[in-house]
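What the coordinates show
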Amino acid sequence: MSPTAANRERIAIEMRVTARHLFEHALGESSIDRAFERHISCERGVLRICEDLYDLHSFNRVLVISIGKAAHTMVSALEIQAGDNFEGIVASSVQPSSQARGFRYFHGGHPMPNEESIRAADAMLRSLGAQNASSLVIFMLSGGGSSIAEKPIDDEISLEQLIATYRVLVHSGAPIAEINTIRKHLSAIKGGRLALAASAARQVSVLVSDVPDNTPDALASGPTMPDTTSGEDCYAIAAKHRLLEQFPASVRELFQRHALEETPKSDDPAFHRSRWWTVLSNSTLLEACKKEAESHDFTVEVDNSCDDWDYAPAADYLLERLRELRKTSERVCLISGGEVTVKVANGGIGGRNQQFALACAQKIAGENVTVLSAGTDGIDGNSPAAGAIVDGTTLERAKSRGLEPESSLLAYNAYPFFDALGDTIMTGPTGNNLRDLRILLAY
């Protein structure tokens, strides 16, 4: 290896390390424990949630409902900040390391619901229906909640048919907001229907958001919030993505008859005693990453323009943006939040972050560019990785190992490719979910 080639490889390794550090730092700074420490406290029986105060002595019962990938972490953080005098229900796709006293636990499915998802939803509806005006219900919601707790609105829809519907939606290539619009109208608990079940009680929702900041009712398909979408939206989305012929018969029939029940809106009395607070979101993550990148002498820009874009045009857009920034600065860090979409056809093992990274690898060969894309929940698609990292040396290193990036990309089989190179991002389930983070470095 020539001195020039050796120096290039050394710099590439350093930048891969830097990109991993930026991701891990942002993840650590955006932890649920830190967010609850900032926003939740309890002194002398008075619970503070952001700007609201609740005198716990004035309620006959306080019920906690925690749903999502971060459900366990949020219950633990609540106990750290406010004590262990709560009871309730926890539904998560992650097994708890320990269980809090007074809570019932359900191991729901993700990305597809399972029997425990149905049992969790039934338990929530029963518990919420027993509350009265002297009750306080604390909802704690995080990403993945759409499938983790679920019950079809129509008894004619079986669990198998519900799973088939979810599979059609997840693989449709539709943005998550559109997917959740349909989920809400097919669910007995989504789209504000949990709040409807608890309408007699005072309610507050604590949100760890994996949806765009301007659409909080999309989080976990909005079980506690007024729904801004409609049945008519569902019919339009189904037509746009040609979903009807793919839906199972029981769901297709509801759409054909335009028989979807409308979800509760903002003027519904169920929301008159409700409050909602976002304590963590993708913007928290991006800000932490930005500050750390600046401390490493990068010129930093945040660009979320490609949120919900297909992965291929998103890769083109961000790389072009990076190259433009590189013209005026020697070291550039472009940060992008949100999620890209992948319409999978007969896929292998991988996920949207690894698919995006592999698409970038083919476009930056030989350049002084590093790209990391990873999910904050630690799980990318059906792989054990959170995401992957690529740079100008990726294709060269792959070729030396007999790996074929183009065939891996076309087969949606990115994980084995990156695993063989040692370029996967492995965190394991993080107990958090703040959407994805893409870090692009030019140097």
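Regarding its fold elements, the chain presents 16 helices and 15 strands. What you see for the chain is a C-alpha radius of gyration of 23 Å, in line with the 22 Å of a compact globule of 443 residues. Seen through its principal axes, the chain has C-alpha atoms that stretch 75 × 55 × 35 Å. When burial is assessed residue by residue, the chain has 55% of its 443 residues classed as buried. Long-range pairs, those at least 24 residues apart, make up 78% of the contacts in the chain with a sequence separation of at least 6. Averaging the coordinates of the 43 positive side-chain charges in the chain and doing the same for the 58 negative ones gives two points 1 Å apart.

This paragraph deals with the state of the cysteines. Scanning the entire structure with this criterion turns up zero disulfides. Unpaired in terms of disulfides, C50 finds its nearest cysteine sulfur in C42, a separation of 15 Å.

Bringing helix α7 (residues 176-185) into the picture now. A turn of α-helix holds 3.6 residues, and therefore any two residues three or four places apart point the same way. Of all 10 residues making up α7, eight are buried, and the element is well covered by its neighbours. Where the residues of α7 are buried, they touch α5 (145-148), α6 (159-170), α8 (193-197), α9 (231-240) and α10 (249-256).

What follows deals with the packing of helix α13 (residues 352-363) against helix α16 (residues 414-421). Contact geometry of α13 with α16 gives a least axis separation of 9 Å together with a crossing angle of 70°. In terms of orientation, α13 lies roughly perpendicular with respect to α16. Crossing of α13 against α16: the hand is left-handed. Between α13 and α16, the residues in contact are Q354, Q355, A357 and L358 and A414, Y415, F417 and F418, respectively. Taken together, the residues of the contact of α13 with α16 sort by class into six nonpolar, two polar and no charged.

A word on the pattern of salt bridges. This structure, assessed with the given rule, holds 29 salt bridges. Its salt-bridge partner being E9, residue R16 comes within 3.9 Å of it at the nearest N-O pair. Given a relative accessible area of 22%, E9 falls into the partly exposed group. Ionic pairing is found between D227 and K265, a salt bridge with its closest N-O pair at 3.8 Å.

Take the nonpolar core next. Of all hydrophobic cores here, the largest spans 34 residues; its most connected members are F36, F86, I138, M140 and V206. With six residues, helix α3 (residues 71-82) is the largest single contributor of residues to this core. When neighbours within four sequence positions are excluded, I138 is seen to be in contact with L47, V62, L63, V64, I65, F86, V204 and V206. Counting residues in hydrophobic clusters, the runner-up holds 32 residues, among them L322, L325, V342 and Y412.

The rules behind each value
- Residues numbered from 1 in each chain as written.
- Predicted model: local features only at pLDDT ≥ 70, side-chain atom pairs only at ≥ 80, totals over all residues.
- Heavy atoms only, no water.
- Helix = DSSP H or I, 4+ residues; strand = E, 2+ residues; numbered from the N terminus.
- Rg over C-alpha atoms; globule rule 2.2 N^0.38 Å.
- Buried < 20%, exposed > 50% of the residue type's maximum accessible area, 1.4 Å probe, protein only.
- Contact = heavy atoms within 4.5 Å.
- Lys, Arg positive; Asp, Glu negative; His and termini not counted.
- Charge placed at Lys NZ, Arg CZ, Asp CG, Glu CD.
- Disulfide = S-S within 2.5 Å.
- Axes fitted to C-alpha atoms, helices over the stretch in contact; angles between N-to-C directions.
- Parallel < 35°, antiparallel > 145°, perpendicular 65-115°, else oblique.
- Left-handed = near helix turned anticlockwise from the far one by under 90°.
- Nonpolar A, V, L, I, M, F, W, Y, C, P; charged D, E, K, R; others polar.
- Salt bridge = Lys/Arg side-chain N within 4 Å of Asp/Glu carboxyl O.
- Core = buried A, V, L, I, M, F, W, Y, C linked by side-chain atoms within 4.5 Å.

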